[in-house]
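Structure at a glance
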Amino acid sequence: MHDILNLNIVLFQSEIESNMEDFKYFGFNEEPDYTGYVGPSGEYDFMGASQFRLFCTLGLRATHKLLDFGCGSLRAGRFFLIYLNEGCYCGVEPNKWLIEDAIKYQIGQDIIRIKKPFFSYNNKFSLDEFDTSFDFILAQSIFTHTGINLLNTGLKNFSKYLNPDGIILATFLEGESDTEGDVWEYPKAVPFRPSTIMQIAQDADLVATKIPWYRPRQTWYAFAKNKDRLPTPSMFPYLKGTVLFDPEHRASW
Ligand SMILES: C[S@@+](CC[C@H](N)C(=O)[O-])C[C@H]1O[C@@H](n2cnc3c(N)ncnc32)[C@H](O)[C@@H]1O
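Residues numbered from 1 in each chain as written. Predicted model: local features only at pLDDT ≥ 70, side-chain atom pairs only at ≥ 80, totals over all residues.

**Observations regarding the overall build of the protein chain**
Where we set the bar: Numbered from the N terminus, helices here are DSSP runs of H or I no shorter than four residues, and strands are runs of E no shorter than two. Buried means a residue has 20 or more other C-beta atoms within 10 Å of its own C-beta, exposed means 12 or fewer, and partly exposed covers the counts in between; C-beta atoms are placed from the backbone. With C-beta atoms placed from the backbone, a contact is any residue pair whose C-beta atoms sit within 7 Å.
Tallying secondary structure elements over the protein chain gives six helices and 10 strands in all. Per-residue burial over the protein chain gives 35% buried out of 253 residues. When contacts within the protein chain are restricted to residue pairs at least 6 apart in sequence, long-range pairs at least 24 apart make up 67% of them.

Encoded structure:
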């Protein structure tokens, strides 16, 4: 049995009917492996690569410090680890087995020895174990599982650990209502209203914008302390995340 920490795992009773088909891929009828726990197993490659491509498009270089919050089974982390310099990749992930399996089946101990990532296994949305601040913070499919209080705590803590010219990228399920309280719903995705996301960003002393980077089922938002670090509408044509020649991702064309 995997040691699944404090997760309120609910089966597929999503109020958001259009997501039902997608969630079938999660395979939660039986214990998921490290690829299926973080999303549809068949998307493990694409979802990781897409995050890496987004960050490179937004200026990620090898010397930048990156926090991958809720890094899971290093779906994106495996690309960042190869690319970034030693000590530049940090992850938060309460389910330690996901990282262990990713090391075992995807990247090997040599990458860990060479790149020296730092992982925090806390589930409190705390970054206090880190003795560095970050140029890039990633929260992919994290606030799609939280109530509003955890979103609030998360963005405030990100803001505290973000460099003045840093940028945060996070995905949301946009909806017409908000998800209340301290809940962590999984794997069901839960919504926030766009106006709520903007208000919570403001409360965390951040400016925010939605960006058009292609992401099935969810929407990317960027947050920064400095408004000049946010992508502007004139940059949006470069931020499409298009995947050519793959009919599965025709919606991105
Ligand atoms: C949908 S997965 C996304 C994983 C990763 N960001 C990716 O895109 O592959 C959500 C992740 O959040 C992790 N998680 C659960 N509770 C958490 C918490 N309190 N703080 C940080 N991550 C958490 C889960 O274990 C899981 O790996």
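So, next bit.
**Quick notes on the site of the ligand**
What counts, and what does not: The C-beta atom of each residue is placed using the backbone, and any residue whose C-beta lies within 6 Å of a molecule or strand is treated as near it. By the convention adopted, Pro, Cys, Tyr, Trp, Phe, Met, Ile, Leu, Val and Ala count as nonpolar, Lys, Arg, Asp and Glu as charged, and the other residues, Gly among them, as polar.
In the vicinity of the ligand, 20 residues are found, and the nearest of them are G70, G72, R75, Q140 and S141. Here the residues of the shell around the ligand sort into 11 nonpolar, seven polar and two charged.

**Some details on the pairing of strand β10 (residues 219-224)**
Rule in force here: Note on pairing: two strands pair once DSSP finds at least 2 bridges between them.
Here β10 lies mainly inside the structure; five of its six residues are buried. By the bridge criterion, six bridges tie strand β6 (residues 162-174) to β10 in an arrangement that is antiparallel. Paired with A170 across the two strands is Y221, which belongs to β10. Sheet topology note: the strand β9 (residues 207-211)/β10 ladder contains five bridges and is antiparallel. When the bridges of β10 are listed, A208 appears paired with F223.

**Details of the nonpolar core**
Threshold: One nonpolar core equals one set of buried Ala, Val, Leu, Ile, Met, Phe, Trp, Tyr and Cys residues connected by C-beta atoms within 7 Å.
Residues L66, I137, Y221 and F223 are the most contacted members of the largest nonpolar core, which totals 55 residues. Here this core gets six residues from one element, more than from any other, and that element is β6.

**A short note on the confidence of the model for the protein chain**
Note the following rule: pLDDT measures how confident the predictor is about each residue, on a scale from 0 to 100.
For the protein chain, the average pLDDT comes to 91, and 89% of its residues sit at 70 or higher. Element-level mean pLDDT values for the protein chain span from 37 in strand β1 (residues 8-9) up to 99 in strand β5 (residues 134-139). Within the model, the stretch residues 1-23 combines pLDDT values under 50 with 35 contacts to residues more than four positions away or in other chains.

**Describing the packing of helix α5 (residues 148-160) against helix α6 (residues 194-203)**
Selection criterion: Where helices are involved, their axes are fitted lines through C-alpha atoms of the stretch in contact, as for all axes, and angles between N-to-C directions lie from 0 to 180°. Here the angle decides the label: under 35 degrees means roughly parallel, over 145 means roughly antiparallel, 65 to 115 means roughly perpendicular, and every other value means oblique. Whether a crossing is left-handed or right-handed is set by the direction in which the near helix is turned from the far one by less than a right angle, anticlockwise for left-handed and clockwise for right-handed.
As a packed pair, α5 and α6 sit with axes 9 Å apart at the nearest point and diverge in direction by 45°. One way to sum up the angle between α5 and α6 is to call them oblique. The handedness of the crossing between α5 and α6 comes out as right-handed. Within the contact between the two elements, α5 uses L151, N152 and L155 and α6 uses I200, A201 and D203. Grouping the amino acids of the contact of α5 with α6 by side-chain chemistry returns four nonpolar, one polar and one charged.

**Regarding unusual backbone geometry**
Going from Y186 to P187, the amide bond is cis rather than trans, its omega being 5°. With respect to the element layout, P187 can be found in the loop between β7 (185-186) and β8 (191-192). The backbone of L74 shows a phi angle near 55°, a positive value even though the residue is not glycine. In this structure, L74 sits in the loop between β2 (66-69) and α3 (77-83).

**Observations concerning the environment of F125**
Position of F125 relative to the elements: it lies in the loop between β4 (118-120) and β5. When the 21 C-beta atoms within 10 Å are taken as the criterion, F125 is described as buried. Along the sequence, F125 and G70 sit 55 residues apart, while their C-alpha atoms lie 9.3 Å from each other. Other than its neighbours up to four places away in sequence, F125 contacts L150, T153, G154 and N157.

**Brief notes about the environment of E180**
Note that E180 resides in the loop between β6 and β7. The class of E180 is exposed, set by 10 C-beta atoms lying within 10 Å. In this structure E180 touches G147 and I148, once residues within four positions along its chain are discounted.

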